[in-house]
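Residues per chain are reported as follows:
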Amino acid sequence: MPTHLSRRSLIRGITAATAVATLATGLAACGGDSEAATTDAAGTVTVGRLSNGAAKETTLKVSEVNSIRAELPASVRRSGKLVIGVGGLPAGSAPLDFTGTDQKTLTGSEPDFGRLVAAVLGLKPEIRNFTWENLFVGVDSGKVDVAISNVTDTEERKKKYEFASYRKDNLAFEVLKKSTWNFGGDYENLAGRTVSVGAGTNQEKILLEWKTRLAKEGKKLTVKYFPDQNATNLALSSGKIDAFLGPNPSVAYRARQTANTPSPTRNAGTFSGAGETLQGLIAATAKKDSGLAKPLADAVNHLIEHGQYAKWLAAYNLSNEAVAKSEVNPPGLPLTNS
């Protein structure tokens, strides 16, 4: 999940203006409408469809709530659709977002949650799949109404975006099951290790801060990058890295999926995606001052109150990441990450 622009800077090493100009031209190539299952009977949403074991397929009854729909910006109501961006390219990240068993449908906990929210708002979900960087360009340009893609609420992101929280953000270290190493919540345990992390993610920011701390103590932490999750998995199984730091749901999923393989993995410890002093939160992300955060949060709270939220989490084995309430712009990852 990532967590989570660090899942915050749109691009590294060039100016923001250049990044937007460059990436905007690639939106058509890097994003596409999903053939996500939108054929449910009226008033129902099926989650976990075509998930290849990532979820238990569950059909939920979801009714439109006129009072919440009325909170939407007029332009969104008139469009009749909620354009939901997901950063699942190039290879996806189960169970969050990935291509289903039919080899074309975008499935996963995040697209399914977007469909649930859209149902409460009385809107047709239109799910578009992007690379992580282009996802934010899509929000910035107005091509996407909301990103629902394991985005961490951060104070830096609030300069450009508004949030409606819907899940706890925890990171986890994935190691081979035979490894005796455990994180234990203490960055000192990373000394001498080689760890992979997704470039441009919130977890990268946290890991690089630990690397800096260790360097000041005369200790070394090696950080490596790979183009996609499949390459990372291969590096872990071959011993090229000691651990991978990523979203807790993805690590838990792979531990289950690899249990009966020659290279089973396990969770070696978790850490809040918001750093040492705050529980991180995953949030639906819209352009700042778009007027979407409040109706999105109210839609989430309706799902919480009426039980569909808990059933969605249970279908994906994510019940331990439930929040009691969706909040608009709750405290996020501090600018200092302290």
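The shown structure was predicted, so the numbers you read here are calculated from the model rather than taken from an experiment.

(A) Here's a closer look at the overall build of the protein. In terms of helices and strands, the protein carries eleven helices and 14 strands. Across the 338 residues of the protein, 55% fall into the buried class. Summed over all atoms, the accessible surface of the protein reaches about 13,800 Å², with 51% contributed by carbon and sulfur.

(B) Seen up close, the pairing of strand E10 (residues 194–197). Burial along E10 is two-sided: Thr194 and Ser196 and Val195 and Val197, pointing in opposite directions, are all buried. Pairing analysis gives three bridges linking E10 to strand E11 (residues 222–224), with the strands arranged parallel. Bridging across to E11, serine 196 finds its partner in lysine 224. Tracing the backbone out of E10, into helix H7 (residues 202–216) and back to the parallel element E11 gives a crossover that is right-handed. Where E10 lies against strand E12 (residues 243–247), three bridges are found, and the strand directions are parallel. For serine 196, the partnering residue across the bridge sits in E12 and is phenylalanine 244.

(C) Seen up close, the packing of helix H5 (residues 109–121) against helix H10 (residues 293–305). Contact geometry for H5 and H10: axes closest at 9 Å, N-to-C directions at 100 degrees. Put simply, H5 runs roughly perpendicular to H10. Judged by residue contacts, Phe113, Leu116, Val117, Val120 and Leu121 of H5 engage Pro295, Leu296, Ala299, Val300, His302 and Leu303 from H10. Across the contact of H5 with H10, the residue classes tally to ten nonpolar, one polar and no charged.

(D) Representation of the pattern of salt bridges in the model. Counting across every chain of the model gives 16 salt bridges. Between glutamate 188 and lysine 219 there is a salt bridge, with the nearest N and O atoms lying 2.8 Å from each other. With glutamate 188 in the loop between strand E9 (161–176) and E10 and lysine 219 in the loop between H7 and E11, this residue pair connects regions lying 31 residues apart in the sequence. On the basis of relative accessible area, glutamate 188 is assigned to the partly exposed category, the value being 27%. By relative accessible area, which is 36% here, lysine 219 ends up partly exposed. Each of Glu71, Lys294 and Asp298 takes part in one network of salt bridges that share partners.

(E) Inspection of the nonpolar core at higher detail. Among the nonpolar cores identified, the biggest contains 43 residues, and Phe113, Leu116, Val117, Leu121 and Trp312 are the most heavily contacted of them. Secondary-structure elements contributing two or more residues to this core are strand E2 (44–47), strand E4 (81–89), H5, E9, strand E14 (280–287), H10 and helix H11 (308–315). Considering every element that reaches this core, the biggest residue donor is H5, with seven residues. Sequence-distant contacts of leucine 116, that is, excluding residues within four places in its chain, are made with Val45, Val47, Leu60, Val62, Leu303 and Trp312. Counting residues in each nonpolar core, the second largest holds 19 residues, with Phe173, Val197, Trp210 and Ala268 among its members.

(F) Broad picture of the packing of aromatic side chains. Taken as a whole and judged by the stated rule, the model has 13 aromatic pairs. Here tryptophan 132 and phenylalanine 136 contribute two aromatic rings whose centre-to-centre distance is 5.0 Å and whose plane-to-plane angle is 75 degrees, an arrangement assigned as edge-to-face. Of this pair, tryptophan 132 and phenylalanine 136 both sit in helix H6 (residues 132–141), four residues apart, which is roughly one turn of that helix. Take tryptophan 132 and phenylalanine 136: they sit in the same class, and that class is buried. Look at tryptophan 210 and phenylalanine 271: their rings are 4.9 Å apart centre to centre, the planes differ by 75 degrees, and that puts the pair in the edge-to-face class.

(G) The environment of glycine 85, seen in detail. Relative to the assigned elements, glycine 85 resides in strand E4. Separated by 45 residues in sequence, glycine 85 and phenylalanine 130 place their C-alpha atoms 7.1 Å apart. In this structure glycine 85 touches Arg128, Phe130, Leu135, Val144, Val146, Ala147, Ile148 and Ser149, once residues within four positions along its chain are discounted.

(H) Geometry of H6. In terms of burial, H6 is a largely internal element, eight of the ten residues being buried. Within the sequence span of H6, burial applies to Trp132, Asn134, Leu135, Phe136, Val137, Gly138, Val139 and Asp140. One or two steps after H6, the chain reaches glycine 142, where phi turns positive at roughly 85 degrees.

(I) Local environment of the environment of alanine 286. If you trace the backbone, alanine 286 turns up in strand E14. On a C-alpha basis, the gap between alanine 286 and phenylalanine 163 in space is 6.5 Å, while along the polypeptide they are 123 residues apart.

(J) Region of the structure containing unusual backbone geometry. Of note, the amide linkage connecting leucine 89 to proline 90 takes the cis form, showing an omega dihedral of 10 degrees. Turning to its location among the elements, proline 90 is positioned in the loop between E4 and strand E5 (98–99). Residue alanine 94 is joined to proline 95 through a cis peptide bond whose omega torsion reads 5 degrees. Located in the positive-phi region is asparagine 317, a residue other than glycine, with phi close to 60 degrees.

What counts and how
Residues numbered from 1 in each chain as written. Predicted model: local features only at pLDDT ≥ 70, side-chain atom pairs only at ≥ 80, totals over all residues. Heavy atoms only, no water. Helix = DSSP H or I, 4+ residues; strand = E, 2+ residues; numbered from the N terminus. Buried < 20%, exposed > 50% of the residue type's maximum accessible area, 1.4 Å probe, protein only. Areas by Shrake-Rupley, 256 points an atom, 1.4 Å probe, with all protein chains shown as cover. Pairing = 2+ DSSP bridges. Right-handed = clockwise from strand over helix to strand, strands pointing away. Axes fitted to C-alpha atoms, helices over the stretch in contact; angles between N-to-C directions. Parallel < 35°, antiparallel > 145°, perpendicular 65-115°, else oblique. Contact = heavy atoms within 4.5 Å. Nonpolar A, V, L, I, M, F, W, Y, C, P; charged D, E, K, R; others polar. Salt bridge = Lys/Arg side-chain N within 4 Å of Asp/Glu carboxyl O. Core = buried A, V, L, I, M, F, W, Y, C linked by side-chain atoms within 4.5 Å. Phe/Tyr/Trp six-rings, centres within 6.5 Å; stacked < 30°, edge-to-face > 60°.

Remember that the coordinates give geometry; whether it matters functionally is a separate question.
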